[in-house]
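Given next are the chains, with one letter for each unit.
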Number of protein chains: 2
Amino acid sequence: MTAVLDSLQQGRQAVQPALRAALDRLDPTSRSIAYYHFGWTDLDGNPASAGGGKAVRPALALLSAEAAGAQPSAGLPGAVAVELVHNFSLLHDDLMDGDTERRHRPTVWAVHGAASAILTGDAMLSLAQEVLLDGDGPGAIAAARLLSEAVNELIRGQVLDVAFEQRNDVTLDECLDMAAGKTGALLSASSAIGAVLAGAPRETVDALAGFGADLGLAFQLVDDLLGIWGEPATTGKPVYSDLRARKKSLPVTYSITHGGAIGRELAEWLAAPEEPGEDGVRHAADLIEQAGGRRWALDEAHRRMAAGQQKLTDAEVPDRVREDLLSLARFIVTRES
Amino acid sequence: MTAVLDSLQQGRQAVQPALRAALDRLDPTSRSIAYYHFGWTDLDGNPASAGGGKAVRPALALLSAEAAGAQPSAGLPGAVAVELVHNFSLLHDDLMDGDTERRHRPTVWAVHGAASAILTGDAMLSLAQEVLLDGDGPGAIAAARLLSEAVNELIRGQVLDVAFEQRNDVTLDECLDMAAGKTGALLSASSAIGAVLAGAPRETVDALAGFGADLGLAFQLVDDLLGIWGEPATTGKPVYSDLRARKKSLPVTYSITHGGAIGRELAEWLAAPEEPGEDGVRHAADLIEQAGGRRWALDEAHRRMAAGQQKLTDAEVPDRVREDLLSLARFIVTRES
């Protein structure tokens, strides 16, 4: 795992100056809010190093350029762009979800108000495209197209997520489709954008994009498991937190739709109007286990990881780069460090 | 004026199918919200023709292609893109400003909630770039860059507008700069994007962009005058509405910064903590008049229109197209029909 942390560290060091340069094009207000969001300044605007996330998407983008035989630097505009899009979505999601804390710090909307979160997010989304369009290689416009499609998918996934909260008849396929949009699309684009910028052939790009989409699904499945049975120390959330919020996550949806009588009991529990008690959430977790939802999610995550690995092998991605991509993928999915 | 209305009508007829085709790429939820926002459906999703605005930006984009000697259709992707960006900003602005009504119908956030307004706006912004990047001409990437910069300026202007509400020391230059971003940038891009798509020389593009920026300032000046002395029948707002909201608009800021003792009296009135009464707003309007703010705004609007006209003449835009652009500009500024 040390190698992965080194590679993430190197990625952050390579990307941060370019990310800062991009953000410095914003108006002073949006820039200072962005600096706070990335953990580079504290609430008073003083320098800080709160750690603005692990920056796994930029690391994927740089490796993606190497997968196409180019220098990591060829993927740099893509690395900056995917990190901007990821953080655009965090700014807007935190507001929509009413989340007041991220990375152990108050969220932007909670500190600066809704308008600041909306506008800074909008500015980052627009800036992401600008960074790519500033490039003059033949890959620039293709990379901008790739990112545009990923953003549309990301938004589509988020729209479905919001809509599913109001529904009791979501199928497993719908839930997988939502996760592919919300989580898979940007990890897929991150894994392919460096190769696109490097002018890689279609098959290489498709393989990398497919690997990233598989990684996204595997990550979401494990994230959903952690949301139910996760260690608070690892996840930063109390155990059973997703059940307390009655979130129709992938293991829950599998259990409801494939768990027969146990699944129906779980569905009734989810639809009950009263606030769930501590015994209730523990019982619901047991139902998911009995209905096979936990087992399925773990097996499906392994299947996705294996499928992603196979795509890299088929595309003849150089051994060293493939190993780095797989180590990073395992790190992202398991969150061990 | 009939010619302008004909040209707007033709513009809408040319652009609407392409706009619909673009919106049809969105997920069904965002698409149906967009249809409602554009006035194509009612709250129940049934077909309607509520009129989704005058579509002056698409009309400018089509004329802009003609200004470069191309067919209007060369500007079509640009026309769709600027209309998408305009409506992205309306969706987010209505939410941030808490406005519950637009074009005599409930706003999207008021009907569908904040998350829908944020996500549908995000989707339109991303879609605008996608529409341009779908083009394969050499102008496509230049048009995408132009739009990106305009979006950044638009957001910068909106950020300044929000920030100015908390300040009592805004200068006239700052206020003009804010209007150039919030109102001028997208009208400027609309006036140039067709020429960019048609591969026009730099001087033509710059002249058209400059004309659009002048038009934007003139529009904002007149809009600010209407916000104080406008006829409710024309503006849809009660007389003195901007004074009631104590908005530091351009004529107000001019009066405060250039009106000597009268300006200081106006500044004190604006800073007073109590809710302004009917006599108070009438008195404030008189102060603006006495301080020369009304006269200045009207004169400045005329100067901007003349400057814009001169740019079109210098750039040798064909007579017929120049006349059409100027008629459209006068229509936008005066809102007479």
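Our structure is the block above this text.
What comes next is a walk through the structure. Values in this document were obtained by computation on a predicted structure and should not be read as measured data.

Remarks on the overall build of chain A
Alright, step 1. Each helix and strand counted, chain A has 16 helices and 2 strands in total.
Alright, step 2. Overall size of chain A, expressed as C-alpha extent along the three principal axes, is 60 × 50 × 35 Å.
Alright, step 3. A buried classification covers 55% of the 337 residues belonging to chain A.
Alright, step 4. For chain A, restricting intrachain contacts to residue pairs at least 6 apart in sequence, the fraction spanning at least 24 positions comes to 70%.
Alright, step 5. If the 30 positive side-chain charges of chain A are averaged to one point and the 47 negative ones to another, these points end up 1 Å apart.

A few points about the relation of the copies chain A and chain B
Alright, step 1. Mapping chain A onto chain B is achieved by rotating through 180° and translating by 0.0 Å along the same axis, at an RMSD of 0.0 Å. A rotation of that kind, with that shift, is consistent with a two-fold axis.
Alright, step 2. Of the interface residues in chain A, 100% have counterparts in chain B that sit at the interface too, so the contact is made through matching surfaces.

A word on the nonpolar core
Soluble globular proteins tend to pack their nonpolar side chains together in the buried interior.
Alright, step 1. Counting 218 residues, the largest nonpolar core has L23, L243 and L328 of chain A together with L23, L243 and L328 of chain B as its most contacted members.
Alright, step 2. Those residues in contact with L328 of chain B that sit more than four places away from it in its chain are V4, L8, V56, A59, L60 and L63 of chain B.

What about the interface of chain A and chain B?
Alright, step 1. Listed as interface residues are 32 residues of chain A and, on the opposing side, 32 residues of chain B.
Alright, step 2. For the interface between chain A and chain B, the tally reads 0 salt bridges.
Alright, step 3. Counting residues per element, the ones that place at least two in the side of chain A that touches chain B are α2 (28–37), α4 (76–97), α6 (114–133) and α7 (139–164) of chain A.
Alright, step 4. With 12 residues, α7 of chain A is the single largest residue contributor to the side of chain A that touches chain B.
Alright, step 5. In terms of residue class, the side of chain A that touches chain B is built from 16 nonpolar, 9 polar and 7 charged.

Structural notes on the environment of N152 of chain B
Alright, step 1. Along the polypeptide, N152 of chain B turns up in helix α7 (residues 139–164).
Alright, step 2. Sequence separation between N152 of chain B and K182 of chain B is 30 residues, and the spatial gap between their C-alpha atoms is 9.8 Å.
Alright, step 3. In this structure, N152 of chain B is in contact with A123, S126, L127 and E130 of chain A, ignoring residues within four places of it in sequence.

Digging into the packing of aromatic side chains
Alright, step 1. Counted under the stated rule, the structure contains 6 aromatic pairs over all chains.
Alright, step 2. Ring pairing ties together the aromatic residues Y35, F38 and W40 of chain A, which thus form one cluster.
Alright, step 3. Across the ring face of W229 of chain A, the terminal group of R294 of chain A is positioned such that the distance to the ring centre comes to 4.2 Å.
Alright, step 4. One residue, R20 of chain B, lies across the ring of W40 of chain B, its end atom 4.4 Å from the ring centre.

Considerations on the pattern of salt bridges
Between side chains of opposite charge, pairing is possible as soon as their charged atoms come close.
Alright, step 1. A complete count under the given rule lists 42 salt bridges over all chains for this structure.
Alright, step 2. Salt-bridge contacts for R156 of chain B lead to E153 of chain B; the nearest nitrogen and oxygen are separated by 2.9 Å. In this pair, R156 of chain B and E153 of chain B are both assigned in helix α7, 3 residues apart and thus about one turn of the helix distant.
Alright, step 3. A relative accessible area of 30% places E153 of chain B in the partly exposed class.
Alright, step 4. Overlapping salt bridges bring together R25, E130 and D134 of chain A as one network.

Overview of unusual backbone geometry
Residues and elements named next belong to chain A.
Alright, step 1. The backbone phi angle of A55 is positive, close to 55°, even though this residue is not glycine.
Alright, step 2. Residue placement: A55 occurs in the loop between α2 and α3 (56–67).
Alright, step 3. Phi at H104 takes a positive value of approximately 60°, unusual for a residue other than glycine.
Alright, step 4. In this fold, H104 is placed in the loop between β1 (101–102) and β2 (105–106).
Alright, step 5. Its relative accessible area of 70% is what places H104 among the exposed residues.

Rules behind the numbers
Residues numbered from 1 in each chain as written. Chains lettered and ligands numbered in written order. Predicted model: local features only at pLDDT ≥ 70, side-chain atom pairs only at ≥ 80, totals over all residues. Heavy atoms only, no water. Helix = DSSP H or I, 4+ residues; strand = E, 2+ residues; numbered from the N terminus. Buried < 20%, exposed > 50% of the residue type's maximum accessible area, 1.4 Å probe, protein only. Contact = heavy atoms within 4.5 Å. Lys, Arg positive; Asp, Glu negative; His and termini not counted. Charge placed at Lys NZ, Arg CZ, Asp CG, Glu CD. Least-squares fit on C-alpha atoms with pLDDT ≥ 70 in both. Core = buried A, V, L, I, M, F, W, Y, C linked by side-chain atoms within 4.5 Å. Salt bridge = Lys/Arg side-chain N within 4 Å of Asp/Glu carboxyl O. Nonpolar A, V, L, I, M, F, W, Y, C, P; charged D, E, K, R; others polar. Phe/Tyr/Trp six-rings, centres within 6.5 Å; stacked < 30°, edge-to-face > 60°. Lys NZ or Arg CZ within 6 Å of the ring centre and 35° of its normal.

Worth remembering: the numbers are spatial, not functional.
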